[in-house]
Amino acid sequence: MKHLKLVLVLLLVMGIAGLLSFTEPLRLIRIQKAGPGLLGALMRLQIDVLQELGTCFLARADREDIRALRGYSVPVAVLDLDARRKSYLLLPSLSPPVRSNLSRRGHLLEVEAGTFLFWTETGDPGAILPPGLPQKPLPTATILPYLKPALPFQKNPSVARPANDLVAEIAGRISEDNLRGLVQALQNFQTRYVSTPNCATAAQFIFNYYQALGLDVRFQDVEYSAGAISRNVVAELPGRIYPEDVLIICGHYDSISDDMTTLAPGADDNASGTAAAMEAARILTLYPLDFTVRFVAFTAEETGLIGSRVYAAEARARNEKIIGVINLDMIAYPDELPEDLEIIVNPASEWLAAKFLDVCGAYGLVAANQVVNAAIIYSDHSPFWDWGYAALLAIEDYPVQNPYYHGITDTIDTLNFGFFRDSARAALAVLAELAQPVRFGYPIAPEQLRATPYTYSSLYNSFKNIHLSWAARPGAAGYNIYRSSISHQDYQILNSAPVTATVYLDRYLRNDSSFFYVVTTVGTDGLESNYSQQVWVWPEVAVSAQTQADRYSFFGGVQR
Ligand SMILES: [Zn+2]
């Protein structure tokens, strides 16, 4: 009996201890980006990384995780001891009065230069913010599965870049008058603030426009606050050869100002980006494309990127193959002339910015400037980054220089339509280069391109052979095989004459580099097709001594 009591007491103590450890609060932590082994350590420990910034990651972690991270010499700082049931907001540089106001009413931390984290112990921190302040709610789902190693990125300037006359023709069709008409029509709604009926009417206007072009168009419901619905507009032009592979051109159509319920014209922000996507759609319906293009007008960007967060999360849930996202947000107000366009990307999307600059150069379009900074998260490209999709933001200036920004004076008469037309042409040219206009009378590129790496290592040597295969195209005289070390550009031909087999072995390649392949079909008349889908062979990255053994499970293999 006595023993039984003891056992019961012991069980009780164990139960309480178990309960205590179970309810041990998760902390919000900041992880400094340091060293090539960091990603391996994060993956090995299955850390719930929530946000990538310029110099750090923000993550949720328990005490064990923090101890283990420190064991890997990863610099960790605890930002909040109990991250349960709280919402956090990320904010860009703040003026001193806003800063002191927010610090009085909640917790305000500068997590890296120019990025603030704001939260309150209870309630919605968003309710405290002054209207029109750019913001991004800290994601609650981990982005760990989508983190990729930062690889050296090198354009190859020696690769001759063939300009495509069809792409030049497509970009040249952007009409200044059409852009003007669309911006005027959007401004005429007076306000497109998310909670107003005018915002819903504007969405219907965009829907009708796409429908009139003959596109498949749908509304996507977005709950922008409890029980309140606004709608994204999603129009699709299916690809003729690879309908599953998608390119997106997008921008938000909602607007904001101090007087947002009655007047928020939002001509530059962001009737400009919305109109550019709409004009691009008009032109692309005249040119069949190999790949699918979607035109998306997002709602509720100004209140925390809500429309794009819903869209990107659903796309990932369906595991859609989104090749790249071109987000246009404020592309019509030059603070000085000549103005250049800022092309903003995270490290994983660097290829897309490089492609943008490459296309601008090849077709003599607007001057573009590449900025790689994962901390520029205050527009609709950012949720795509979170879900591991390549995306860029095209914007006239960052930080914003437009003096009418988020004011009742952001009107059509302040825009420069020459610059606007050039920005829209550049975005459309990049989109067309990636989606590939069909050339009638030309052969069709092969499907089902696959790449399998075989790695060989010895004490003295380490290399890989990559075995490529694809499905035969009836009537083909042969195939050309192209390789690049960066995505979707700088392809160099590998074969000296078209190969007649549907396999190719690319030999003696570096183990630590990425390789991208496409194949074309050559017809009996010598004409060559557009490129096939691209396959990507990942590098074998030496993560750290500890993770050498399982590096293959992290980085080895092929991604389509
Ligand atoms: Zn905007």
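All of these numbers come straight from a predicted model, not from anything done at the bench.

Caption draft 1: Region of the structure containing the overall build of the chain. The helix and strand inventory of the chain stands at 13 helices and 24 strands. Scaling as 2.2 N^0.38, a compact globule of 560 residues should have a C-alpha radius of gyration of about 24 Å, and the chain matches this with 26 Å. Reported as C-alpha extents along the three principal axes, the dimensions of the chain are approximately 95 × 70 × 45 Å. Residues classed as buried in the chain amount to 54% of the 560 residues present. The long-range fraction of contacts in the chain, counting pairs at least 24 apart against all pairs at least 6 apart in sequence, stands at 75%. Just so you have it, the chain exposes about 23,900 Å², and 54% of that area is on carbon and sulfur atoms. Across the chain, 44 positive and 57 negative side-chain charges occur, with their mean positions spaced 9 Å apart.

Caption draft 2: Just the state of the cysteines, in detail. The full count for this structure, using the stated rule, is zero disulfides. Free cysteine: C360, not disulfide-bonded; nearest cysteine sulfur from C250 at 17 Å.

Caption draft 3: Structural detail: the confidence of the model for the chain. When pLDDT is averaged across the chain, the result is 92; 92% of the residues are at 70 or more. This model gives residues 542–560 a pLDDT under 50, and the stretch forms 42 contacts once residues within four places in sequence are excluded.

Caption draft 4: Geometry of the pattern of salt bridges. Going through the model one piece at a time under the given rule, you end up with 22 salt bridges. Where D358 meets K155, a salt bridge forms, and the shortest distance between an N and an O atom there is 3.1 Å. Of this pair, D358 sits in helix α10 (residues 350–362) while K155 sits in the loop between β8 (136–137) and α5 (165–172), placing them 203 residues apart in sequence. Exposure remark for D358: the relative accessible area of 17% places this residue in the buried category. In this structure, the salt-bridge partner of R473 is E447, at a minimum N-O distance of 2.7 Å.

Caption draft 5: Spatial organisation of helix α7 (residues 197–212). In this model α7 runs 23 Å from its N-terminal to its C-terminal C-alpha over 16 residues, within 8% of the 22 Å that 1.5 Å per residue would give. Where α7 is buried, its residues meet α6 (176–187), β9 (216–225), β10 (228–237), α8 (267–284) and β12 (291–298). Of the residues trailing α7, G214 is marked for its positive phi of about 90 degrees.

Caption draft 6: Summary view of the domain arrangement of the chain. The domain architecture assigned to the chain consists of domain 1 (22–144), domain 2 (165–435) and domain 3 (450–559). Each partner contributes to the interface: domain 2 provides 12 residues, whereas domain 3 provides eight residues. Taken together, both faces of the contact between domain 2 and domain 3 bury some 800 Å²; the carbon and sulfur share is 50%. Three residues, Y242, D290 and W351, lead the burial of domain 2 against domain 3; their summed loss comes to 48% of the area buried on that side. Viewed at the interface, domain 3 and domain 2 are joined by zero salt bridges. Where domain 2 packs against domain 3, one counts five residue pairs in polar contact (both at pLDDT 80 or more). Looking at the side of domain 2 that touches domain 3, the elements that each hand over two or more residues are β11 (242–252), β13 (321–328) and α10. With four residues, α10 is the single largest residue contributor to the side of domain 2 that touches domain 3. Residue composition of the side of domain 2 that touches domain 3, by class: seven nonpolar, no polar and five charged.

Caption draft 7: Here's a closer look at the coordination of the zinc ion. Around the zinc ion, the protein supplies H252 (NE2), D269 (OD), D329 (OD) and D329 (OD) as donor atoms, at distances of 2.0 to 2.7 Å. Between the four donor atoms coordinating the zinc ion, the angles at the centre fall across 50 to 144 degrees, so the site counts as irregular. Binding-site remark: the zinc ion is held by donors from one chain whose sequence spacing is H-x16-D-x59-D. One end of the pair, D269, is in helix α8; the other, D329, is in the loop between β13 and β14 (341–345), with 60 residues separating them in the sequence. Take D329: its relative accessible area is 5%, and that puts it in the buried class.

Caption draft 8: Up close: the environment of E112. As for its position among the elements, E112 is in strand β6 (residues 107–112). Residue E112 is classed as buried on the basis of its relative accessible area, which comes to 9%. Discounting residues that sit within four places of it in the chain, E112 has contacts with R30, L53, G54, T55, C56 and A375. There is a polar contact of 3.0 Å between the side chain of E112 and the backbone nitrogen of G54. A distance of 2.7 Å separates the side chain of E112 from the side chain of T55, its partner in a polar contact.

Caption draft 9: Looking closely at the packing of α10 against helix α12 (residues 417–435). Taken N-terminus to C-terminus, the directions of α10 and α12 make an angle of 110 degrees; their axes are 9 Å apart at the nearest point. In terms of axis orientation, α10 runs roughly perpendicular to α12. Pair α10 / α12 crosses with right-handed handedness. Between α10 and α12, the residues in contact are W351, L352, K355, F356, V359 and C360 and A426, A427, A429, V430, E433 and L434, respectively. Looking at side-chain class alone, the contact of α10 with α12 contains 10 nonpolar, no polar and two charged residues.

Caption draft 10: Structural context of the sheet that holds β9. Ordered by their spatial adjacency, eight strands build an open sheet running β9-β10-β12-β11-β13-β16-β14-β15, and the pairing between neighbours is mixed. Every other strand in the sheet has two partners, leaving β9 and β15 (368–372) as the edge strands with one partner each. Here the strands of the sheet are splayed against their neighbours by 25 degrees on average, with no regard to which way each runs. Sheet topology note: the β14/β15 ladder contains five bridges and is parallel. Within β15, the residue paired with V345 across the bridge is V372. Against the sheet, α7 engages β9, β10 and β12, with an angle of about 15 degrees to β10. Against the sheet, α8 engages β10, β11, β12 and β13, with an angle of about 145 degrees to β11.

About the cut-offs
Residues numbered from 1 in each chain as written. Predicted model: local features only at pLDDT ≥ 70, side-chain atom pairs only at ≥ 80, totals over all residues. Heavy atoms only, no water. Helix = DSSP H or I, 4+ residues; strand = E, 2+ residues; numbered from the N terminus. Rg over C-alpha atoms; globule rule 2.2 N^0.38 Å. Buried < 20%, exposed > 50% of the residue type's maximum accessible area, 1.4 Å probe, protein only. Contact = heavy atoms within 4.5 Å. Areas by Shrake-Rupley, 256 points an atom, 1.4 Å probe, with all protein chains shown as cover. Lys, Arg positive; Asp, Glu negative; His and termini not counted. Charge placed at Lys NZ, Arg CZ, Asp CG, Glu CD. Disulfide = S-S within 2.5 Å. pLDDT = per-residue confidence, 0-100. Salt bridge = Lys/Arg side-chain N within 4 Å of Asp/Glu carboxyl O. Expected span 1.5 Å × (residues − 1). Domains from an automatic or database assignment. Buried area = accessible area lost by both parts, 1.4 Å probe. Polar contact = N/O pair within 3.5 Å; in protein donor to acceptor, adjacent residues only side chain to side chain. Nonpolar A, V, L, I, M, F, W, Y, C, P; charged D, E, K, R; others polar. Donors = N, O, S within 2.8 Å, 3.2 Å for Na, K, Ca; no water. Tetrahedral: all angles 85-135°; square planar, octahedral: opposite > 155°, others 65-115°. Axes fitted to C-alpha atoms, helices over the stretch in contact; angles between N-to-C directions. Parallel < 35°, antiparallel > 145°, perpendicular 65-115°, else oblique. Left-handed = near helix turned anticlockwise from the far one by under 90°. Pairing = 2+ DSSP bridges.

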